[in-house]
Amino acid sequence: MTTRRTRPAPRPPEGTPPRAELARQARAVLADAVRIAHWAAGTPGPGTAAPLAAHALERAATALELSPAQVRAGWDRARLAGLVELHGDTARPGWRLRAWDRDDSAVLRGWVALFDAWSLVHAAPEGIEAGAVAEAVEAVPQVLSLLQLSAGPVTVPALLDLLGQRVAELHEERCEVPLGPGRAAPAAPAGTAADRAATAGPARSADLNALLLDWALEGLAAVGALTLGKGHATLTPLGNWAVWVKLEQICVAAQSPAGNIEQSAADMLLGCARLTPGPARDEYRAWLAARTVGSAVAELLAVARGEDALLRGLAFEALRVVGAPAEPEVRAVLAEPSLRPYALLWLAEYEGNDPDDAQDVLSREEATWLWVDTAAAVADHGETGLLVRHLDSAVQGTVPALLDEVRAVGHPRTVQVLVALAAAHPDPALAKAVRRAAFQVHTGGA
């Protein structure tokens, strides 16, 4: 039992459009990318590697009546937004493309993926060292936070001042010594934009920061996150919503009551094992918010492949909180016998089936395998009475039929489960039959 108060669902800032309207705006930003993704996915052998092959670029431009530059830009956006997946030289539709017209959440996730990749969409100015570019990218969240909190236009000088402060903080955090008298700055490559900022001292920093701020604002405008006016910038409704979502994720991550954020997936799941479903989901969300989706899903599936059946089930509960971004990885594990029943149930619920009816997607053998796996989790971590009551959840209806099918299913924990069940069951005759079945499985008898 827990006395912890659950955090109420946060509401977007006042004036934020409904999700349907935000999704409409995101679809408009990515309209060319969606057209190109459909073309690439439906074209046999287009050679759509990254970057787009020259002959594919020409074919796409002709077919879609776009300029080569528009095709190239749209192709980059399609890849960054997860609309296409590359397998060698073949482009396949991503899950977001398949759900694009019917799922607003998929659309918004796709746009947020593009928003996160703004620095890849808009190339950095030539001749600036990678370290300076990386610092600007790292400082941009503070710039976006100021724009979001201001709820209106912010002047470029104010943004430049904040960017400079944040870059200085990064230097201080890394214990970097600023250039002083007698310490020459590295020369910038001749003939580049950085030549104007090649002198040592504060003037160099100010010029370089101004150049990088212009680049960042143009990149964010290119993905639809803000609009640029004369000497000022303003977040679009999409950009305002995205920054709010990012800030909420940080708040959720900071409020993990059980302290699981920094734990491995296995330790986090064990820490959640005795929580009720609501608080457990809050813990999953906090843990997920502190990681990239890809790495979190990979870590959860790695735990699910382990020997602990309890963690296997909990890993898929956490993947339910991940939702749509986990769908390709979950679908990919259908070929793994130990994960297949869990993946089938996950996909059935993801596709809208009632959880009570999701069991219908399992074959008899898969349902029996899942019964044994769940019994193993109960035997390892639960109470004796739970294991006895678990008999009622078997699809077979009778204990003899269950034992026959359990012996045939080939679960690696079958013997241990049957021995534990025989020891726990109060009916001597039934316990004897279960022990006999355990012995037959152990010795390979019929």
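Residues numbered from 1 in each chain as written. Predicted model: local features only at pLDDT ≥ 70, side-chain atom pairs only at ≥ 80, totals over all residues. Heavy atoms only, no water.

1. Observations concerning the layout of surface pockets
Okay, so step 1: Each pocket or cavity is described by its volume, and for the second largest pocket that value is around 1000 Å³.
Okay, so step 2: For the second largest pocket, the lining is made up of 34 residues, of which L310, G313, L314, E317 and T374 are closest to its centre.
Okay, so step 3: For the lining of the second largest pocket, the secondary-structure elements that each account for two or more residues are α13 (277-289), α15 (309-322), α17 (340-350) and α18 (364-381).
Okay, so step 4: Considering only residue class, the lining of the second largest pocket consists of 21 nonpolar, eight polar and five charged. (1 Å grid on protein atoms, 1.4 Å probe; cavity = no way out; pocket = protein on both sides within 12 Å on 5 of 7 lines; lining within 4 Å. Points joined across faces, edges and corners; volume = space filled by probe spheres on them. Helix = DSSP H or I, 4+ residues; strand = E, 2+ residues; numbered from the N terminus. Nonpolar A, V, L, I, M, F, W, Y, C, P; charged D, E, K, R; others polar.)

2. Concerning unusual backbone geometry
Comment: phi is negative for the bulk of residues other than glycine, and the bulk of peptide bonds are trans.
Okay, so step 1: A positive phi angle is found at E65, which is not glycine, with a value near 55°.
Okay, so step 2: Of note, E65 is situated in the loop between α3 (54-64) and α4 (68-80).
Okay, so step 3: In this structure, A151 takes a positive phi of about 55° despite not being glycine.
Okay, so step 4: Inspection of the secondary structure assignment puts A151 in the loop between α8 (130-150) and β3 (154-155).

3. A few points about helix α20 (residues 399-409)
Okay, so step 1: All buried positions along α20 are accounted for by L402, L403, V406 and V409. All buried residues of α20 project into a common sector of 130° when viewed along the axis, lining one side. Among the exposed residues of α20, those oriented more than 90 degrees off its buried face are P400 and A408.
Okay, so step 2: On its buried side, α20 packs onto α18, α21 (414-424) and α22 (428-443).
Okay, so step 3: You can read the cap of α20 off the contacts: a side-chain oxygen lies 3.3 Å from the backbone nitrogen of A401, and it is on T398.
Okay, so step 4: Of the residues flanking the end of α20, it is G410, one or two places downstream, whose phi is positive at about 80°. (Buried < 20%, exposed > 50% of the residue type's maximum accessible area, 1.4 Å probe, protein only. Arc of directions from axis to C-beta. Contact = heavy atoms within 4.5 Å. Polar contact = N/O pair within 3.5 Å; in protein donor to acceptor, adjacent residues only side chain to side chain.)

4. Observations regarding the sheet that holds strand β5 (residues 232-235)
Okay, so step 1: As summarised here, the arrangement of the three strands in space is β3-β5-β4, forming an open sheet in which the pairing is antiparallel. Of all the strands in the sheet, the pair left with one neighbour each is β3 and β4 (226-229).
Okay, so step 2: In the packing of α8 onto the sheet, the strands contacted are β3, β4 and β5, and the crossing angle to β5 comes to about 75°. (Pairing = 2+ DSSP bridges. Axes fitted to C-alpha atoms, helices over the stretch in contact; angles between N-to-C directions.)

5. Details of the confidence of the model for the protein
Okay, so step 1: Per-chain confidence: the protein averages 80 in pLDDT, with 81% of residues scoring 70 or above.
Okay, so step 2: Across residues 1-8, confidence stays below pLDDT 50; counting only partners more than four residues off in sequence or on other chains, it has 11 contacts.
Okay, so step 3: Of the regions scoring below 50 in pLDDT, residues 45-50 engages in 22 contacts with residues more than four places distant in sequence or in other chains. (pLDDT = per-residue confidence, 0-100.)

6. Quick notes on the pairing of β4
Okay, so step 1: In the sheet, β4 pairs with β5 via four bridges, with the strands oriented antiparallel. What sits directly across from T227, in β5, is T234.
Okay, so step 2: A loop of two residues connects β4 with β5, the two strands running antiparallel in sequence, and G231 in this loop sits at a positive phi of about 80°.

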